[in-house]
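One-letter residues, chain by chain:
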Amino acid sequence: MTEEALLRISQRWARRLLILAPAALFILLTACSDPQTTIEPASDMTEAIQGVYEIVFWLSMFVFIAIMLLTLWLAVHYREQPGREAIQIHGHQRLEILWTIIPVAIVLIMLVPTWQVIADTTDTPPEDSMVITATGKQWWFEFTYEGLGLPDDEGNPTDLVTANELHLQAGKPVHVLLRADDVIHSFWIPQLAGKVDMVPGHENDLWFTPFEDSVREEAYLGQCVEFCGASHANMRFRVFVHDEEGFNAWLENERSDAVEPTSELGKLGATLFVVRCAECHTVRGTAASIADFGPDLTHVGSRTTIAAGILDNNISNLVDWISNPAEIKPGINPENDVIDKERPLRFMRAFEDEISAEDIQAIAQYLTELK
Amino acid sequence: MATAAGTIAAPTTESVVWSWITTVDHKRIGALYGVTAFIFFLIGGIEALLIRTQLAVPNGNVINAELFNQLFTMHALTMIFLAIMPLGAAFFNYMVPLMIGARDVAFPRLNALSYWIFLFGGLVLVSSFIFGGAPDTGWFAYQPISSSQFSGSGMDFYVIGLMILGISSLAAALNFAVTIINLRAPGMTMMRLPVFIWMTFIVMFLLILALPVLTVALIQMLFDRQFTTSFFLPEGGGDPILWQHLFWVFGHPEVYILILPAMGVVSEVLPTFSRKPLFGYAAIVFAGIAIGFLGWAVWSHHMFTTGLGAVQQAVFSASTMAIGIPTGIKVFNWLATMWGGSIRFTTAMYFAVAFVALFTIGGISGVMHASPPVDQQQQDTYFIVAHIHYVLVGGALFGVFSGLYYWWPKMTGRLLNETLGKWNFWLMFIGMNLAFFPMHFLGVSGMPRRIYTYDSGLGWDFWNLVATVGAFILALGVLFFIINVFKTWQQEPDAGDNPWDAPTLEWATTSPPPEHDFDVIPEVHSREPVWYMRDHNLTTPEPEPGTHIHLPPPSYYPIIIAFGVLLLGLGPLSHLALTALGVPVIIYGIWGWTLEPTE
Amino acid sequence: MAAAEHQVEHHTTTGIDSRKLLMWIFLGSECLFFGSLIATYLIFKGEIDLPPFPSETHVETAYLEEALASGEITEVHKHLCHESDEAGISVCEGIFDIPLTSQSTFVLLMSSVAMVLAVYGAQHNRPMMMKSWLLATMLLGLIFLGYQVYEFRTFGQEGLTLETSQFGASFFVLTGFHGTHVAVGVLILGSLLLASFRRRGLGSEPGFQVETAGLYWHFVDIVWIVIFTVLYLIPA
């Protein structure tokens, strides 16, 4: 193929690309409909971020298109042709000053709103915030609502502990304290909260207010975004935004002690749970309420997913999970713990080797009844 | 000449293998760097293809989570430390003495030592796959996940491998910094240096100043893992964020260490094929220096989400965006170099023009997440993956390929085939854009990086498949380069001294250059010495009859010392007896080295 | 090692010998090396809240008791502290023995003086002067290392080890690497001294070789002055 032919082809493609550019832009915008989208804010925090993003995005688009067209034009227009002589110049002072000023201007336009949002998001959280401690662990999230548990015998407020599903109230500010138990994790709900890392030994936090119109059935998706080991991909969580009535209904149920199982199988499961699972898990209001190590399972039946947002919450998934969790979440093999003998077991065992399939079925039945 | 007691006589044998092992010729060492790095580059590419295969469809099960984590870690380590850095080293080894008009580097044996230590360090790193698993916590090895409590022996290979590679890079950097300062031909003032030499010079100082910081971080990590300290472990009172600061103080200059040589190559290729001098030489040089300085003031932008305070966020966002200014100046000057030219579109020029475009895309997306609020949505998503690959593939790698096509005739005397070259280019160009442009969309759709699996229904399926197809097309493009090399290798070396009518000094000698580079060290009168000679009808002066050109003799000691360093490093990985063995080997090597006659 | 490399040509663009230039640039790299280690020490310095402390510190007695009970510190550490006049406050002695370290610092400073004299001897073709002052420099370096070994041992006995605290870890790693540099310097000087006894001595340019080694030696000395000031003299 000759060079001229190649150039003709590239010119033709250049024209096609020009037509395709708006199409690409359209595709980018359709990212809005994706469940974990970063550009459809549903809280004051993400909207502030979006404000900066849009400025930065359009400026970038402008520079991108300008430079691409310029490159293409120069390449095509100044290609070798009979009779063309290259102009022997070494520079041009005024031009060079001009294209020093252009990037300076663009940078300044981006910096001003950036600094504004930094100032806003590192200020102090609203005083009437609901305070939640989110703790990242390999590989799940624990959420502790400060003071929202049932008062203890002396009437002092207690904290309400739950896992992997966060329930919020639209219009109510929430102040999230970020902690980590083992390695660094990161807390991110793309539509509600830009990510902030959970660093062991550090006390990070963030705050946001879900919009009044952000109430919806469907969950907002959250995910750990700092690499945290074998099952980093399997560390997700869900966020439900309710109106005031819905939130109170959820809170009323969540703070109460566990319900008694009704089915025969469930009752058997409850007995087995105390023997087999209470070492790590708590179900409030039962004998299994001392451990604070694994996720709190008091109302696990009311959650939509298990295993940190990776499986639907149903009996068959629960059975699979209890039987051999490492099959579902690589890395949670308790053998990985032998390095550190001083700490309690971090990871769940595979119970298929220890108890019968019927018993696992019973425990799973019990868990689904813990609404 | 008599040999000192106990030392080995300088090699005299004609055996091909031994002549390469004992060589101190910068051109041969450059070739060794190039071939070795290219093999590592293929390994890193295979790692990338495995990663993309796993991610082609949701819930993929081609490889498991543990292997995936090793692969993405090793892909980064291999490409950064074993492919792109040493490919840059291959060019500056081969080209620096030729372009500044010197017979060799300032310290030829030290140069050989750098190469052998690099080879051994690379082998240590890659061998971890066989010995109990490769590093698997990312090339950034954040703490405490990289502590002995949370990770296996792979991270020991990481620490030792990077330390060995650090020694190699430091030795090379010192050597070339001195060479560029001290061995320039008469008339080759600093402001007449080719831009490639300038960029190399800046990279040398970045290495000299950044590597010790990494070394300290690695030493502290080694103490945390092997001994009982807790520099980075929160349980013992340490601070995981300290690691991040130390790592990125090294890690951000490292980014410029990777990209500046490519910028240098492009600054040679664009003027040659536009048939006019580089536009705004001084501006490009000073922009490079500015990038070198600013590169030290931006490291915390890798840490915007770790809970930095408002002031730090504000300062580091400003300094990071400020880097866009000298970078912008460079891009405009490159484009202005094409303006008014009569552009010959060889494969080298295709890669160079593509470099300008693709690197600009990577630069623009980089400025986007220089804004901390925006970074809160983009950090650790595929948007960042897209960004770094536009900079390192579209930037650094396309620069390397441009350099390969440009200097191949100088290095081998043979021109690479242009038709295969165009196939090579277009496949790589299309593949690279198909693989990495959709990653912007994935990032905006909220796909985190470093995940080995994802669910369908998140809007990520289509673009992941496209990215995987793109990765394979990119690999096919690289295959065309290999075919091109093998095909043209059988031809007669008939490229001529200066097939491109290029302006810089390396084209003033034969292709390939003689062992002593220049018969007579040329006198330099302009920034484009070869064009100056052409325009003033000057010819290369003949050597005076009877002049003897002294060349350093080959030596066994570089590889002996490098082997000692290898033993030293293998100790902590296996048995400390090896370290004990390494010490006398190194001392013996230094002893022989010092006493060896070099006249 | 690299400094002893012979060049292809002795003529250089700047007129500075390439080996000396290499040493200067290498020392620039070393600045960042020690800079990072000192920075690590300074970062952790403010966070020490239990004995052993670098310098005299007041702590709440109750806090000490609590740490003792929980095993965070042992009786060995507690011995450094005693009740003060103020109720509930203990005074903990600093672990640094400044008079002793001043002595070792003085020894290292003197070694630099000896080094200067050795360089003078080498440059002015006075081999005996060069040899004796090289030997003196080495000996002073070795005495400094002796002080350091003694200091490390004493600290160990007083309960400061690598794992005691971040203070221990960053102190030992920093001063340990400095000590290693001194030891390497002693080895370099020793090889020069040995080589100078050969028939052809240090070859055609003894002044140059001793001078380059001297650059390294003075650098290591200066680093110690910085360490001594930052660690020992500036109170917490």
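These numbers come from a predicted model, not from an experiment.

(A) Focus on the arrangement of the chains. With two pairs of chains in contact overall, the contact-richest pair is chains A and B. At their nearest point, the C-alpha atoms of chain A and chain C are still 13 Å apart, with no contact between the two.

(B) Fine view of the domain arrangement of chain B. Residues and elements named next belong to chain B. If you check the domain split of chain B, you get domain 1 (21–538 + 551–555) and domain 2 (562–599). Taken over C-alpha atoms, the centre of domain 1 sits 30 Å from the centre of domain 2. Counting residues at the interface gives 16 residues for domain 1, matched by twelve residues for domain 2. Summed over the three residues of domain 1 that lose the most area to domain 2, namely Arg-109, Phe-120 and Ile-160, the buried surface amounts to 43% of that side. On inspection of domain 1 and its partner domain 2, the count reaches one salt bridge. With its nearest N and O atoms 2.7 Å apart, the salt bridge here joins Glu-596 to Arg-109. Between domain 1 and domain 2 we count three residue pairs in polar contact (both at pLDDT 80 or more) in total. Put simply, the parts of the chain that give the side of domain 1 that touches domain 2 at least two residues each are helix H4 (108–127) and helix H5 (154–182). With seven residues, the top contributor of residues to the side of domain 1 that touches domain 2 is H4. The residue makeup of the side of domain 1 that touches domain 2, split by class, is twelve nonpolar, two polar and two charged.

(C) A look at the domain arrangement of chain C. Domain parsing of chain C yields domain 1 (26–45 + 97–233) and domain 2 (57–92). Here domain 1 of chain C and domain 2 of chain C have C-alpha centroids that lie 36 Å from each other.

(D) Representation of the sheet that holds strand S4 (residues 165–169) of chain A within the structure. Residues and elements named next belong to chain A. A sheet is described by the order of its strands in space; here three strands give the open sequence S4-S10-S9, paired in mixed fashion. At either end of the open sheet lies a strand with only one pairing partner, and these are S4 and strand S9 (220–223). Shown here is a sheet whose adjacent strand axes are inclined to one another by a mean of 25°, direction ignored. Sheet topology note: the S9/strand S10 (residues 236–242) ladder contains four bridges and is antiparallel. Each residue of the ladder has a partner; that of Leu-221, found in S10, is Arg-238. Here helix H4 (residues 244–255) sits on the sheet in contact with S4 and S10, set at roughly 140° to S4.

(E) Examining the interface of chain C and chain B more closely. Listed as interface residues are 40 residues of chain C and, on the opposing side, 48 residues of chain B. Overall, the association of chain C and chain B removes approximately 3,600 Å² of surface from exposure, summing both partners, and the carbon and sulfur fraction of that is 71%. Counting across the interface, chain C meets chain B through zero salt bridges. Of all the elements in the fold, those that place two or more residues in the side of chain C that touches chain B are helix H1 (18–45) and helix H6 (166–196) of chain C. Broken down by element, the residue count for the side of chain C that touches chain B peaks at 15 residues, all from H1 of chain C. For the side of chain C that touches chain B, the residue count by class is 18 nonpolar, 15 polar and seven charged.

(F) Broad picture of the nonpolar core. If you look at the biggest cluster of nonpolar residues, it comprises 379 residues, and the most contacted ones within it are Phe-187 of chain A together with Tyr-158 of chain B. Broken down by element, this core gets its largest block of residues, 25 residues, from helix H3 (residues 65–100) of chain B. Residues in contact with Tyr-158 of chain B, not counting those within four places in the same chain, are Leu-77, Leu-125, Pro-135, Gly-138, Trp-139, Phe-140, Ala-141, Leu-218, Met-221, Trp-243 and Phe-247 of chain B.

(G) Here's a closer look at a nonpolar patch on the surface. The grouping of Val-57, Ile-430, Leu-434, Leu-465 and Val-469 of chain B at the surface amounts to a nonpolar patch, some 380 Å² of accessible area in total. Tracing the backbone shows Val-57 of chain B in the loop between helix H2 (26–55) and H3.

(H) Quick peek at the confidence of the model for chain B. Averaged over every residue, the pLDDT of chain B is 93; the share at 70 or more is 97%. Element-level mean pLDDT values for chain B span from 90 in helix H1 (residues 16–21) of chain B up to 97 in H2 of chain B.

(I) Molecular detail of the pattern of salt bridges. Here the structure, examined in full by the defined rule, presents 20 salt bridges over all chains. Close ionic contact of Arg-236 of chain A with Asp-455 of chain B constitutes a salt bridge, the shortest N to O distance being 2.9 Å. With Arg-236 of chain A in strand S10 and Asp-455 of chain B in the loop between helix H13 (418–444) and helix H14 (461–489), this residue pair bridges two chains. Classification of Arg-236 of chain A as buried rests on a relative accessible area of 10%. Among the ionic contacts, a cluster of salt bridges with common partners joins Arg-276, Glu-279, Arg-349 and Glu-354 of chain A.

(J) Focus on the interface of chain B and chain A. At the interface, 94 residues of chain B touch 91 residues of chain A. With both sides pooled, the region where chain B packs onto chain A buries about 7,900 Å², and carbon together with sulfur makes up 67% of that total. The three residues of chain B that bury the most area against chain A are Gln-376, Gln-377 and Val-444 of chain B, which together make up 9% of that side's buried surface. Remark: the boundary between chain B and chain A carries two salt bridges. Notably, a salt bridge pairs Arg-275 of chain B with Glu-80 of chain A, separated by 2.7 Å at the nearest N-O pair. Along the contact surface separating chain B from chain A lie 22 residue pairs in polar contact (both at pLDDT 80 or more). Elements with a minimum of two residues in the side of chain B that touches chain A: H3, helix H7 (240–274), helix H8 (281–294), helix H9 (310–338), helix H10 (347–368), helix H11 (372–378) and H13 of chain B. No other element matches H9 of chain B, which puts 15 residues into the side of chain B that touches chain A.

(K) Highlighting unusual backbone geometry. Between Ser-511 of chain B and Pro-512 of chain B the backbone carries a cis peptide bond, its omega angle lying at -15°. Within the secondary structure, Pro-512 of chain B is located in the loop between H14 and helix H15 (529–535). For the peptide bond that leads from Pro-51 of chain C to Pro-52 of chain C, omega is 0°, which places it in the cis range. Relative to the helices and strands, Pro-52 of chain C resides in the loop between H1 and strand S1 (57–60). Its identity is not glycine, yet Asn-164 of chain A carries a phi of approximately 65°, on the positive side. Locating Asn-164 of chain A in the fold gives a position in the loop between strand S3 (158–163) and S4.

(L) Expanded view of the sheet that holds S1 of chain C. All names here are of chain C. With antiparallel pairing, the three strands of this open sheet are ordered in space as S1-S3-S2. With partners counted over all chains shown, the strands left at the sheet margins are S1 and strand S2 (81–83), one partner each. Here the average twist between neighbouring strands, direction ignored, is 35°. Running at roughly 75° to S1, helix H2 (residues 61–69) makes contact with S1, S2 and strand S3 (89–92) of the sheet.

(M) Looking closely at empty space enclosed by the protein. Tallied over the full model, the rule gives nine cavities of 30 Å³ or more. Space inside the largest cavity adds up to approximately 680 Å³. Surrounding the largest cavity, 37 residues form its lining, His-281, Gly-294, Pro-295, Trp-321 and Met-348 of chain A being those nearest its centre. Secondary structure elements with two or more residues in the lining of the largest cavity: helix H5 (264–276), strand S11 (305–306), helix H6 (315–323) and helix H8 (357–369) of chain A. In terms of residues, the lining of the largest cavity owes the most to one element, H6 of chain A, which gives three residues. Here the lining of the largest cavity spans two domains, since at least three of its residues come from each of domain 2 (130–255) and domain 3 (264–368) of chain A. Along the wall of the second largest cavity there are 18 residues; nearest its centre are Met-85, Pro-86, Ala-89, Ser-169 and Leu-207 of chain B.

Rules behind the numbers
- Residues numbered from 1 in each chain as written.
- Chains lettered and ligands numbered in written order.
- Predicted model: local features only at pLDDT ≥ 70, side-chain atom pairs only at ≥ 80, totals over all residues.
- Heavy atoms only, no water.
- Contact = heavy atoms within 4.5 Å.
- Domains from an automatic or database assignment.
- Buried area = accessible area lost by both parts, 1.4 Å probe.
- Salt bridge = Lys/Arg side-chain N within 4 Å of Asp/Glu carboxyl O.
- Polar contact = N/O pair within 3.5 Å; in protein donor to acceptor, adjacent residues only side chain to side chain.
- Helix = DSSP H or I, 4+ residues; strand = E, 2+ residues; numbered from the N terminus.
- Nonpolar A, V, L, I, M, F, W, Y, C, P; charged D, E, K, R; others polar.
- Pairing = 2+ DSSP bridges.
- Axes fitted to C-alpha atoms, helices over the stretch in contact; angles between N-to-C directions.
- Core = buried A, V, L, I, M, F, W, Y, C linked by side-chain atoms within 4.5 Å.
- Buried < 20%, exposed > 50% of the residue type's maximum accessible area, 1.4 Å probe, protein only.
- Patch = residues over 30% accessible without salt bridge, like charges linked within 9 Å, V, L, I, M, F, W, Y side chains within 5 Å.
- Areas by Shrake-Rupley, 256 points an atom, 1.4 Å probe, with all protein chains shown as cover.
- pLDDT = per-residue confidence, 0-100.
- 1 Å grid on protein atoms, 1.4 Å probe; cavity = no way out; pocket = protein on both sides within 12 Å on 5 of 7 lines; lining within 4 Å.
- Points joined across faces, edges and corners; volume = space filled by probe spheres on them.

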